[in-house]
Amino acid sequence: MASLNNKVAYITGASKGIGYGIAKTLLGQGMRVAISSRHLASAQEAAASLGVELGRVLALESDVSSMASETAAVQAILAHFGQLDVLVANAGVGHFAAIDEITEEQWKQTIDTNLTGVFHSIKASIEPLKKTQGYIISIASLAGTNFFEKASAYNASKFGLVG
């Protein structure tokens, strides 16, 4: 297996949960990581709690539903680390309600984050990843093939990622 030492990963939605766990694991393997959240304070708090030496974690504010936001995040990563080797498209949101109960705003936020957000993250990262022959990892859900009851928007957002 190739060494991960000093490789750079960008993990979206990494201030908590699965993304935070991935960041912690990759840091333990010698990687440097950029972690994002829609709120900079959340990303900074998560970065501080990872307890690694200064400069190995970059906290970013980015909303994956915005192409401009993801482009700015990737540019910040390149300015800080000089490269990008791995993208982990992890950011996600879930509003769980039946189609007749979910609001249009909840539907839009779910689709824009879980589906369009993955596109934005990949699109913003693709050129730097080509340069390093890097990797794209998209965190998916069983909802892509096994729908959850009362999860109309969430199921739709995950179904779009299958294939």
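Everything discussed here concerns the structure shown above.
My aim in this report is to walk through the structure given alongside it, one point at a time. Chains are numbered independently. Their residues run from 1 in the order of the written sequence. Only residues with pLDDT of at least 70 get local features here, since the model is predicted, and only at 80 or more are side-chain atom pairs given and counted; chain-wide, interface and lining totals rely on the full set of residues. Note that water and hydrogens are dropped before the side-chain values are worked out from all heavy atoms of the structure.

Quick word on helix H3 (residues 67–81)
Owing to its 3.6 residues per turn, the α-helix brings residues three or four apart onto one side.
Working step 1: Secondary structure elements are defined from DSSP: runs of H or I of at least 4 residues count as helices, runs of E of at least 2 residues count as strands, and each element is numbered from the N terminus. Here, expected helix span is obtained from the residue count minus one, scaled by 1.5 Å. Compared with an ideal rise of 1.5 Å per residue, which puts 15 residues at 21 Å, H3 spans 21 Å between its outermost C-alpha atoms and is within 8% of the ideal.
Working step 2: Here, residues are in contact when the closest pair of their heavy atoms is within 4.5 Å. For H3, the secondary structure elements touched by its buried residues are strand S1 (8–11), strand S2 (32–37), strand S3 (57–61) and helix H4 (104–132).
Working step 3: Following H3 by one or two positions, Gly 82 has its phi on the positive side, about 85 degrees.

Observations concerning the nonpolar core
Working step 1: Judged by nonpolar contacts, the single largest core of 19 residues is most densely connected at Ile 11, Leu 26, Val 33, Ile 35, Leu 50 and Val 57.
Working step 2: Going through the elements one at a time, S1, helix H1 (17–28), S2, helix H2 (40–49), S3 and strand S4 (86–89) are the ones with two or more residues in this core.
Working step 3: Looking at which element gives the most residues to this core, the answer is H1, with five residues.
Working step 4: Apart from residues lying up to four places away in sequence, Leu 50 is in contact with Tyr 20, Ala 23, Lys 24, Leu 27, Ile 35 and Val 57.
Working step 5: One finds Leu 58, Leu 60, Phe 81 and Ala 124 within the second-largest nonpolar core, a separate group that totals 13 residues. Put simply, buried Ala, Val, Leu, Ile, Met, Phe, Trp, Tyr and Cys residues joined by side-chain atoms within 4.5 Å make one nonpolar core. We call a residue buried when its accessible area falls under 20% of the maximum for its residue type, exposed when it is over 50%, and partly exposed in between, using a 1.4 Å probe and counting protein chains only.

Geometry only, nothing functional implied.
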